[in-house]
Amino acid sequence: MSKIVVLGAGISGHVAASHLRRKLTKEHEVVVVSPNSNYQWIPSNIWVGIGRMPSKKILFPLAPLYKKKGIDFKQAKAVTFHPEGDLEESKPYVMAEYVTGDKQGTQEKVTYDYLINATGPKLNFEATNGLNPGTNKTYSVCTYTHAEHAWDGLNNVIQEMKQGKKAKILIGTGHAKATCQGAAFEYILNVEQELRKHKVRDMAEITWISNEYKLGDFGMDGMLMSYGSITMKSSEMVEMIFEDRDIKWILGAGVNKIEDGVAHYENLEGDNKSEPFDFAMLIPSFSG
Ligand SMILES: Cc1cc2nc3c(=O)[nH]c(=O)nc-3n(C[C@H](O)[C@H](O)[C@H](O)COP(=O)(O)OP(=O)(O)OC[C@H]3O[C@@H](n4cnc5c(N)ncnc54)[C@H](O)[C@@H]3O)c2cc1C
């Protein structure tokens, strides 16, 4: 009999736990340790962040499903790893700290035979001075709560535009080392479309700001895309889309500081510049 502990119930942890439970016989134990009571389908946050989807549509509670499937769920976060055990515990274990209920704050040694660490990225907002979602007019769509706040912020700006106030919208990466440019790219196009829907597109200047060297780089040196017999570089595709939608762009920008409505950045020439905005969604850097 083996005990497999999965840390994290995001896309990778949840998929791993579900497959293990399906493939292993009942004498093997599958345990999930994760601090969030819900599973969230993160890619759909680009719809939550424009008010087209309520966050409840991209969530489901983990506990009832895991109970039904025979997966042991601990709503806790892993705080330390002990792969060689300790003086009292000969098996490897993870120290888990409960985050809710009667056990909140208490720690438990969760022993394992096999461990899957699927805790995802840490959203490292602190790496950029002032980049804290919901402050300084900056927002994020990295979690469903962030995306809900982003929609509140965007909707306020939309309502102001309806009253005749022009607005600057800045979307992209909030740190020189930020990745996940694709999520910001999807979001900027959603925002642009949403402004058209609200008939305020002419009131907004929309700018893409990114640490990418070229448009369409997406942190993976670009792509070649085939449409029927035509092959196109992603740089050409993104340039075409941005020009068609009157979206301006700033490239090679390492955003290093946010003040209320201003993003400060250094470009690849070493110049320090700043860009004002009324609403910004900037992806933070990730760390482990
Ligand atoms: C807006 C947006 C759109 C995206 N769109 C796409 C897309 O179209 N295609 C694509 O491939 N990717 C997309 N991505 C990226 C994709 O969402 C991530 O790569 C993916 O969610 C990573 O999955 P994960 O399971 O590794 O981490 P996560 O989904 O972040 O899950 C991590 C889990 O670990 C838990 N956890 C954290 N700390 C601990 C701890 N100490 N102990 C235990 N558990 C812990 C968390 O609560 C969470 O349950 C998008 C990202 C964003 C933000």
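Located above this text is the structure these notes cover.
Residues numbered from 1 in each chain as written. Predicted model: local features only at pLDDT ≥ 70, side-chain atom pairs only at ≥ 80, totals over all residues. Heavy atoms only, no water.

Q: Tell me about helix α1 (residues 11–23), and name the residues and values.
A: With 13 residues, α1 extends 18 Å from end C-alpha to end C-alpha; this agrees with the ideal 18 Å at 1.5 Å per step. Of the surrounding elements, those touching the buried residues of α1 are β1 (3–7), β2 (29–33), β3 (38–40), β4 (59–61), α3 (62–69) and β9 (114–117). (Helix = DSSP H or I, 4+ residues; strand = E, 2+ residues; numbered from the N terminus. Expected span 1.5 Å × (residues − 1). Contact = heavy atoms within 4.5 Å.)

Q: How would you explain unusual backbone geometry if you had to name every residue and give the values?
A: Positioned with a positive phi, Lys137 is a non-glycine residue whose angle comes to about 65°. Among the secondary structure elements, Lys137 is positioned in the loop between β10 (122–124) and β11 (138–139). Lys137 sits in the partly exposed class, given a relative accessible area of 34%. Its identity is not glycine, yet Cys180 carries a phi of approximately 65°, on the positive side. (Buried < 20%, exposed > 50% of the residue type's maximum accessible area, 1.4 Å probe, protein only.)

Q: Account for the sheet that holds β2, naming residues and giving values.
A: Pairing is parallel across the open sheet formed by 4 strands, whose spatial order is β5-β2-β1-β9. Edge positions in the sheet fall to β5 (72–74) and β9, since each of these pairs with one other strand and no more. Taking each pair of neighbouring strands and ignoring which way they run, the sheet shows an average axis angle of 20°. Taken together, the 4 bridges between β1 and β9 define a ladder with parallel strand orientation. Within β9, the residue paired with Val5 across the bridge is Leu115. Together, β1, β2 and β9 form the strand contacts of α1, whose direction differs from that of β2 by roughly 165°. (Pairing = 2+ DSSP bridges. Axes fitted to C-alpha atoms, helices over the stretch in contact; angles between N-to-C directions.)

Q: Please provide a residue-by-residue account of the site of the ligand, values included.
A: The environment of the ligand is made up of 22 residues, and the closest members are Ala9, Ile11, Ser12, Ser34 and Ala78. Take Gly10: an N or O atom from its main chain is 3.3 Å from an oxygen atom of the ligand. Between the ligand and Ala78 there is a distance of 2.9 Å, counted from a nitrogen atom to a backbone nitrogen or oxygen. In the complex, the protein chains occlude 67% of the 1000 Å² of accessible area that the ligand would expose alone. (Near = heavy atom within 4 Å. Polar contact = N/O pair within 3.5 Å; in protein donor to acceptor, adjacent residues only side chain to side chain. Areas by Shrake-Rupley, 256 points an atom, 1.4 Å probe, with all protein chains shown as cover.)

Q: For the pattern of salt bridges, give the residues involved together with the corresponding values.
A: Applying the stated criterion across every chain yields a total of 15 salt bridges. Measuring nitrogen to oxygen at the nearest pair gives 3.4 Å for the salt bridge that ties Glu205 to Lys168. Pair noted here: Glu205 is in strand β13 (residues 204–209) and Lys168 is in strand β12 (residues 167–173), with a separation of 37 residues, a long-range link. Among the residues examined, Glu205 registers a relative accessible area of 29% and is labelled partly exposed. Residue Lys168 is classed as partly exposed on the basis of its relative accessible area, which comes to 29%. In this structure, the salt-bridge partner of Arg201 is Glu192, at a minimum N-O distance of 2.8 Å. A relative accessible area of 1% places Glu192 in the buried class. Among the charged side chains, a salt-bridge network with shared partners connects Arg52, Glu194 and Lys197. (Salt bridge = Lys/Arg side-chain N within 4 Å of Asp/Glu carboxyl O.)

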